[in-house]
Amino acid sequence: MIRTSLSSSSGSKISAFFPLLLAFATAFAVIAPAHAQSNLVKLSTDTFHNTDSEHRTEVEPDTFAWGSTIVSAFQVARVPDGGGADVGFATSKDGGKTWTHGYLPGLTDHYKGGRFTAASDAAVAYDAKHGQWLISTLPITNNQGEAVATSRSADGLTWGKPVIVDQSGSDDKNWITCDNTPTSPHYGNCYTEWDEPGLGDLIFMSTSTDGGLTWSPGKNTADSASGLGGQPLVQPNGNVVVPIDGFGGMIAFSSTDGGKSWSSTSLIANQNFRGEDGGLRSPGLPSAAIDGAGTIYVVWPDCSFRSGCSTDDIVLSTSTDGKTWTNPVRIPIDSINSTVDHFIPGLGVDPATSGTTAHLALTYYYYPVASCGSSCKLQVGFTVSQDGGKTWTAGKHLAGPMKLSWLPQSQNGLMVADYLAVAYSNANPFGVFAVAKAPTSGKFNEAMYTTKAPLLASARERRFSSKREKPVPNAKGKYVWKYYDDDGEYPIPPSKQINLPKQK
């Protein structure tokens, strides 16, 4: 494992004056241009040498925090036909000041005795009852999703060999969460979600009650629903809610008995998704988070507020019970008349806040001009809200521009991620995201980055609302869901297009 200090990329050292400098920087953000370059920290790099990977590449991070510890996990050394040579991690034990990175052992045959050829879809959780960090992965053999696995660690630094959750042959897009509320009747339960493209993307859920050592057989929803990219969340009362992409709309289902059974799905909202120019892989999946009182926040890219579906915005819907959802509202990162295209969102909510004073932070990728054809320049931005998503700061630039030729290829497009996340550590939000630079020596130059300072805004910084904005009537996105999986291996037959539940 290798340790990275925040001072490493600039040569400066963090000192007692850092809080003063941070305060100055925060105040300066009020008058700084929205595209002021943030000070980034490189967290890790691909050091593998296998012949089937596109090297010096890292993609698709998930990030979670508990106390002062932040853990991010991601694919390393992208294999064009699926996954990476291994799943890497970057961990901070001091609230984002310094980082240690490494690889998960025993997962693939590229690192410490694994038996799979590649691994994908990393998701991170923490089990407070059992004191275990958990990274859920999708091990791959011969370019096919073969299993769902969980790697365990007591400190977020030293990881054991993976525990197999499921191995039925066509698993995809797994996610993990744990019940960390001591008063919950299911305190210490952890839940893993995945889908089966070979079965029409049938959704499965599995439960662990012993810190990820063993897992129950997969269970389906009561209506045997299909979906992709679910992100389970646990409310303080122990209820589990799973928002998920239903191929043309966002749906959700839940469990009130600790994962013994799962409800039928209900509709969050239909999705109109433009999709991005330039051949970028961007499947339009949701990102979800929960506040301290149990309100669930779900965001996704959607063009419903733009005439002619000219660009994708990030839209937000919330729920207190996982059944009834607010109408989606546009997050006003830019003006309603802008040309900016927003996609691949990563949402975080401070668990110490809730309701009308909940703190939210959102990272996302964007093109300054949506209709950019073959000349697209990819960038990373962020925005924050301190009133439960009612108002937001103007979007700020974090990284880029990146030429799309700097990105590795996947089965269905050039890749940075299918999803992102923001994690709050002691009220400070940090996002982890892939940034690509110009290739060197015939190899790519794409790695995981975060920011030196948390993604905060000054109390005096101007906030924006989209309260009076309405969706454009008969909006129609051009993106068509053709496959059950985001790797494009299992086509959806025209006779079996997914029928969404009716809007209530």
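Everything below is about the structure shown above.
Residues numbered from 1 in each chain as written. Predicted model: local features only at pLDDT ≥ 70, side-chain atom pairs only at ≥ 80, totals over all residues. Heavy atoms only, no water.

A look at the overall build of the protein
As a reminder of what qualifies: Numbered from the N terminus, helices here are DSSP runs of H or I no shorter than four residues, and strands are runs of E no shorter than two. Two residues form a contact once any of their heavy atoms are found within 4.5 Å. Using a 1.4 Å probe, accessible areas were evaluated by the Shrake-Rupley method; residue-level cover was limited to the displayed protein chains.
Scanning the protein from terminus to terminus reveals one helix and 34 strands. Long-range contacts, defined as pairs at least 24 residues apart, comprise 60% of the intrachain contacts of the protein with a sequence gap of at least 6. Just so you have it, the protein exposes about 18,900 Å², and 54% of that area is on carbon and sulfur atoms.

Quick notes on the pairing of strand E23 (residues 341-349)
Stated formally: For every residue, the accessible area obtained with a 1.4 Å probe (protein chains only) is divided by the maximum for its type, and the residue is called buried under 20%, exposed over 50%, and partly exposed between those limits. Here, any two strands with at least 2 DSSP bridges between them count as paired.
Of all nine residues making up E23, nine are buried, and the element is well covered by its neighbours. Both E23 and strand E24 (residues 360-367) contribute to a ladder of seven bridges, which runs antiparallel. The residue bridging Gly 346 from the neighbouring strand is Thr 363, located in E24.

Focus: the packing of aromatic side chains
Put simply, the rule reads: Classification of ring pairs uses Phe, Tyr and Trp, with its six-membered ring standing for Trp, and accepts pairs whose centres are within 6.5 Å; under 30 degrees between planes counts as stacked, over 60 as edge-to-face, and the remaining range as tilted.
The tally for this structure, following the rule as stated, stands at 16 aromatic pairs. With centroids separated by 4.5 Å and ring planes inclined at 35°, the aromatic side chains of Phe 48 and Tyr 103 adopt a geometry described as tilted. Here the residue Phe 48 occupies a position in the loop between strand E2 (40-42) and strand E3 (58-66), and Tyr 103 occupies one in strand E6 (residues 98-103), the gap between them amounting to 55 residues. The exposure classification of Phe 48 matches that of Tyr 103, with both residues buried. Centre to centre, the rings of Trp 175 and Tyr 419 are 5.0 Å apart; their planes meet at 85°, and the pair counts as edge-to-face.

Looking at the pairing of strand E19 (residues 287-290)
Burial along E19 is two-sided: Ser 287 and Ala 289 and Ala 288 and Ile 290, pointing in opposite directions, are all buried. Where E19 meets strand E20 (residues 296-302), four bridges bridge the pair, whose relative direction is antiparallel. Opposite Ala 289, over in E20, you have Tyr 297 as the bridge partner. Joining the antiparallel neighbours E19 and E20 is a turn of five residues, in which Gly 294 adopts a positive phi near 105°.

Quick look at the environment of Thr 356
By the secondary structure assignment, Thr 356 is in the loop between E23 and E24. Since its relative accessible area comes to 68%, Thr 356 is described here as exposed. For the pair Thr 356 and Gly 388, spaced 32 residues apart in the sequence, the C-alpha separation amounts to 4.8 Å. When sequence neighbours within four positions are dropped, the list of residues in contact with Thr 356 reads Gln 386, Asp 387 and Gly 388.

Digging into the state of the cysteines
Where we set the bar: Here, the term disulfide refers to a pair of cysteine sulfur atoms separated by no more than 2.5 Å.
Under the definition given, this model contains three disulfides. Between the sulfur atoms of Cys 178 and its disulfide partner Cys 190 the distance amounts to 2.1 Å. Here the S-S torsion is close to 105°, and the disulfide linking Cys 178 with Cys 190 is therefore right-handed. Of this pair, Cys 178 sits in strand E12 (residues 172-178) while Cys 190 sits in strand E13 (residues 190-196); the two residues are twelve residues apart in sequence, bridging distant segments of the chain. Given a relative accessible area of 7%, Cys 178 falls into the buried group.

Regarding the environment of Ser 44
Formally: Here a polar contact is taken to be a pair of N or O atoms separated by no more than 3.5 Å, where protein atoms must pair a possible hydrogen donor with a possible acceptor and residues adjacent in sequence count only if both atoms sit in side chains.
Tracing the backbone through its elements, the reader meets Ser 44 in the loop between E2 and E3. The class for Ser 44 is buried, based on a relative accessible area of 5%. Residues Ser 44 and Glu 58 lie 14 residues apart in sequence; the distance between their C-alpha atoms is 8.5 Å. A polar atom in the side chain of Ser 44 sits 2.7 Å from the side chain of Glu 58.

Examining the sheet that holds strand E15 (residues 233-234)
Spatially, E15-E16-E17-E18 is the arrangement adopted by the four strands of the open sheet, whose pairing is antiparallel. In the strand order of this sheet, the two ends are held by E15 and strand E18 (266-270), each with one partner. In the sheet, E15 pairs with strand E16 (residues 240-245) via two bridges, with the strands oriented antiparallel. Its bridge partner being in E16, Leu 233 is matched across the sheet by Val 241.

Focus: the nonpolar core
To keep it simple, the criterion reads: Definition of nonpolar core: a set of buried residues of the types Ala, Val, Leu, Ile, Met, Phe, Trp, Tyr and Cys, connected through side-chain atoms within 4.5 Å.
Counting 49 residues, the largest nonpolar core has Tyr 365, Tyr 367, Leu 378, Met 402, Leu 404, Leu 407 and Phe 433 as its most contacted members. If we skip the residues at most four places from it in the chain, Leu 404 touches Asp 277, Gly 278, Leu 280, Tyr 367, Cys 376, Leu 378 and Leu 414.

Topic: unusual backbone geometry
Note that the residue after Gly 400, namely Pro 401, is joined by a cis bond; omega there is 10°. By secondary structure assignment, the location of Pro 401 is in strand E27 (residues 396-403). Positive phi values are uncommon outside glycine, yet Asn 426 reaches one of about 55°. One can find Asn 426 in the loop between strand E30 (422-425) and strand E31 (428-431).

Topic: the pattern of salt bridges
Stated formally: Should a side-chain nitrogen of Lys or Arg be within 4 Å of a carboxyl oxygen of Asp or Glu, the pair is scored as a salt bridge.
Counted according to the given criterion, the structure contains eleven salt bridges. Between Lys 173 and Asp 418 there is a salt bridge, with its nearest N and O atoms 3.1 Å apart. Highlighted residues: Lys 173 in strand E12 and Asp 418 in the loop between strand E29 (413-414) and E30, separated in sequence by 245 residues. Accessibility classification places Lys 173 together with Asp 418 in one group, the buried group. A salt bridge links Asp 341 to Arg 274; the shortest N-O distance between them is 3.6 Å. You can see Asp 341 sitting in strand E23 and its partner Arg 274 sitting in the loop between E18 and E19, a full 67 residues away along the chain. Under the relative-accessibility criterion, Asp 341 is labelled buried at 0%. Beyond isolated ion pairs, a larger network of salt bridges with shared partners links Glu 60, Asp 121, Lys 173, Arg 281 and Asp 418.

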